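For reference, the chains in residue letters:
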Amino acid sequence: MNEAIVEKGLFLLSIFSILIFLLIIIFIILESFPAFQHIGISNILFGINWAPDNGFYGILPMILGSIIVTVFALLIAIPLSIGCAIYIEEFSQNHIKTLFKPIIQTLAGIPSIVYGFFGLMVLVPISRDFFGGSGFTILVASMVLAIMILPTIISLSQDAINSVPSEYVESSLALGSTHIQTIKNIILPKASLKITTAIILAMGRAIGETLAIIMVAGNVAEIPTSILSPVRTLTSNIALEMGYAIDIHYNSLFATAVVLFSIIMVLMIISNVIEHKWGC
Amino acid sequence: MDKKYFILALILIIGVILSQNHPHSIEINMVGSTSVQPVCEQLAQAYMETHPNITINIQGGGSNFGIKSLRNEIAEMGMCSMELENNYNLTTYELGHEGIVIAVNPANNVTNLTDYQLQQIYSGNITNWQEVGGVNKTITVLTREEGSGTLNAFKKLIMNGSDITQNAIVLNSQGSLKQAISQNPDAIGFVPYSYLDNGVNAVAINGIYPTMDSIANGSYILQRPFLLLTNSEINNQTQDFLNWLNSSEATFIINQNRIVRSF
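Remember, predicted model here, so these are calculated numbers, not experimental data. Sequence order as written defines residue numbering, which begins from 1 separately in each chain. Working convention: letters from A go to chains and numbers from 1 go to ligands, in the order in which they are written. For a predicted model such as this one, the threshold for reporting local features is a pLDDT of at least 70, and the threshold for listing and counting side-chain atom pairs is 80 or more; totals across whole chains, interfaces and linings nevertheless cover every residue. Only hydrogens and water are set aside; all other atoms, that is, all heavy atoms of the structure, feed into the side-chain values.

J.: I tried to follow the layout of surface pockets on my own but got confused; where do I start?
T.: With a probe scaled to a water molecule rolled over the atoms, the places where space remains empty come into view. In the cavity and pocket records, a cavity denotes points on a 1 Å grid over the protein atoms alone where a 1.4 Å probe fits but cannot get out, a pocket denotes an open set with protein on both sides within 12 Å along at least 5 of 7 lines, and lining residues are residues with an atom within 4 Å of a point. Grid points are joined across faces, edges and corners, and a volume is the space filled by probe spheres set on the points. Its volume calculated, the second largest pocket comes out at about 550 Å³. Lining of the second largest pocket is provided by 31 residues; of these, Ser134 and Pro230 of chain A together with Thr138, Ile139 and Asn167 of chain B occupy positions nearest its centre. Secondary structure elements follow DSSP: runs of H or I no shorter than four residues count as helices, runs of E no shorter than two count as strands, and numbering proceeds from the N terminus. Every element with two or more residues in the lining of the second largest pocket is listed here: helix H5 (112-131) of chain A together with strand E6 (140-144) of chain B. Nonpolar residues are Ala, Val, Leu, Ile, Met, Phe, Trp, Tyr, Cys and Pro. Charged residues are Asp, Glu, Lys and Arg, and all others, Gly as well, are polar. Residue classes in the lining of the second largest pocket are distributed as 13 nonpolar, 14 polar and four charged.

Rendered as structure tokens:
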């Protein structure tokens, strides 16, 4: 009797979280519907002009902006974090390992506005001094994002490296390969799937990041022409204008959210497919 | 088991009692412009100290939201930071005027711009400081996000219907905009008068610097009113609060926020 109640209770609780998720999706889609209806899907997705005052609601610059910033952030973060994970797991002594862990955890726990402030106060002026212009650039935004996703990739890659069976490593060493050869030919290939999922998770985080990016990216709704252009991402577009938007402008921000949501869903599906189809 | 429930119920009851610390308090709701919000919060706090039976709730959302809330009678007062185009039978109380300062980096040697030059800079036709008497450097134009009240006031007063250049860097708060100007010798931007400090320099518009006097007598053109709106029928508590705004205590707070009362 008692057990049945607990079971039902837990079932209700789990249904509840799924229900909230569905409600959010329905809400976003319903709110965005008038925008797609009045402006047209292709005008929203492929329009290159965002000027709500004049009736232009194209979000292509923001889609490209989000993708470009994320790609550059990954280019910076992947070598740094995988290198870091390999060092911690394979080379560092125990006391260094115990030192690294809390530091990386702290890095993950710093609120994004602090990263944004750091970017605004330190990286933006450096970028301006070196490259001229306003200093609000894709480069700075990507660097800030890269720092923010480092902990995710590092800790997940550490797990990946850890989970390579020790027999493989020992056999490789026993056969006479050096430590470096073992890492290169046994550990990394074996861990590569999990590392890929780590990267995709980080990608999701990077695309979703808002506050820090608003502070350093310049938020110009134009298709960027170089890595030193300012950029506006999908999330910044929503956060910047939601406070005051009314009517179709408001709905078009929800349309932006739908696009963002779809991108993140696709990433999640890819990471799940990788994990289940080829996962170890 | 019974004891547990008893304790839980006790906690709930105590919580409910504690959360009603003024059992007979009367609420006044103020909704509207986020620019007017900070000074209203300070005013409300001071007012509530001397009037413990009144609770003033303040919420942002923008001037238009304030007007809407008044008309739907979900608020007693609306905060508005722009000239009303249609007064909807609302009663207006003027809190004062806020100057909008055109700010540049202290290293910038440009001290005066005409309103036409300003319009040309913001519409992207003037792109180099040399064209307005400065050094040969590209102007970094900073602006606020679409919908910001300060941006709307700026557009209305300066832009004459033309659009802000697409190259303008968009920042989402007065604070970060001022920060960006204080770091960048080539930047130009607009911030409320109360944000003016040593980090940035104010530029004179048509030869007139923003000061308390020039804003009060209207010779400094970049300014907007801070209004409190009420419905034509008004309850005693709200009327008392509006009367209190003329007291020396309220005037002190308003002055401290560098909101200028016209004479």
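J.: For this particular structure, what's the right way to read the pairing of strand E8 (residues 187-192) of chain B?
T.: Moving residue by residue along a regular strand, the side chains alternate between the two faces of the sheet. All names here are of chain B. With six of its six residues buried, E8 lies for the most part within the structure. Residues of E8 alternate between two faces, with Ala187, Gly189 and Val191 on one and Ile188, Phe190 and Pro192 on the opposite face, all of them buried. A pair of strands counts as paired when DSSP detects no fewer than two bridges linking them. Inspection of the sheet shows strand E4 (residues 90-104) paired to E8 by five bridges, in the antiparallel sense. Looking at E8, one finds that Ala103 is bridged to Gly189. By the bridge criterion, two bridges tie E6 to E8 in an arrangement that is parallel. When the sheet's bridge partners are listed, Val141 is paired in E8 with Ile188. Think of it in three bands: residues with accessible area under 20% of the maximum for their type are buried, residues over 50% are exposed, and the middle band is partly exposed, with areas taken using a 1.4 Å probe on protein chains only.

J.: In this structure, what is going on with the interface of chain A and chain B? I would like to understand it.
T.: Frequently, the measure chosen for interface size is the accessible area that the parts lose on association. Contacts between chain A and chain B engage 26 residues on the former and 24 residues on the latter. Buried area between chain A and chain B, summed over both chains or domains, comes out near 2,000 Å², and the portion from carbon and sulfur atoms is 53%. Residues adjacent in sequence count toward polar contacts only when both atoms are side-chain atoms; beyond that, a polar contact is any pair of N or O atoms within 3.5 Å, and within protein one must be able to donate a hydrogen and the other to accept it. Counting across the chain A and chain B interface gives five residue pairs in polar contact (both at pLDDT 80 or more). At the level of elements, H5, helix H9 (211-217) and helix H10 (234-241) of chain A are the ones that each hand at least two residues to the side of chain A that touches chain B. Counting residues per element, the side of chain A that touches chain B draws most heavily on H5 of chain A, at four residues. It only takes one pair of heavy atoms within 4.5 Å for two residues to be counted as in contact. Throughout, buried area stands for the accessible area (probe radius 1.4 Å) lost by two parts on being put together, summed over both.

J.: I keep staring at the packing of aromatic side chains and nothing clicks. Help me out?
T.: Both the distance between ring centres and the angle between the ring planes are used here to describe each pair of aromatic rings. Here is the rule: rings of Phe, Tyr and Trp (six-membered ring for Trp) pair when centre to centre is within 6.5 Å. Planes less than 30 degrees apart are stacked, more than 60 are edge-to-face, and the remainder are tilted. Enumeration according to the criterion identifies 12 aromatic pairs over all chains in this entry. With 5.8 Å between their ring centres and 45° between their planes, Tyr122 of chain B and Phe190 of chain B make a pair best called tilted. One end of the pair, Tyr122 of chain B, is in helix H4 (residues 115-122); the other, Phe190 of chain B, is in strand E8, and 68 residues separate them in sequence. When the ring of Phe154 of chain B is compared with that of Phe190 of chain B, the centres are 4.5 Å apart and the planes differ by 15°; the resulting orientation is stacked. Highlighted residues: Phe154 of chain B in helix H5 (residues 149-159) and Phe190 of chain B in strand E8, separated in sequence by 36 residues. Phe190 of chain B carries the same exposure label as Phe154 of chain B, and that label is buried. An aromatic cluster of three or more residues is present, and its members are Phe27, Tyr250 and Phe254 of chain A.

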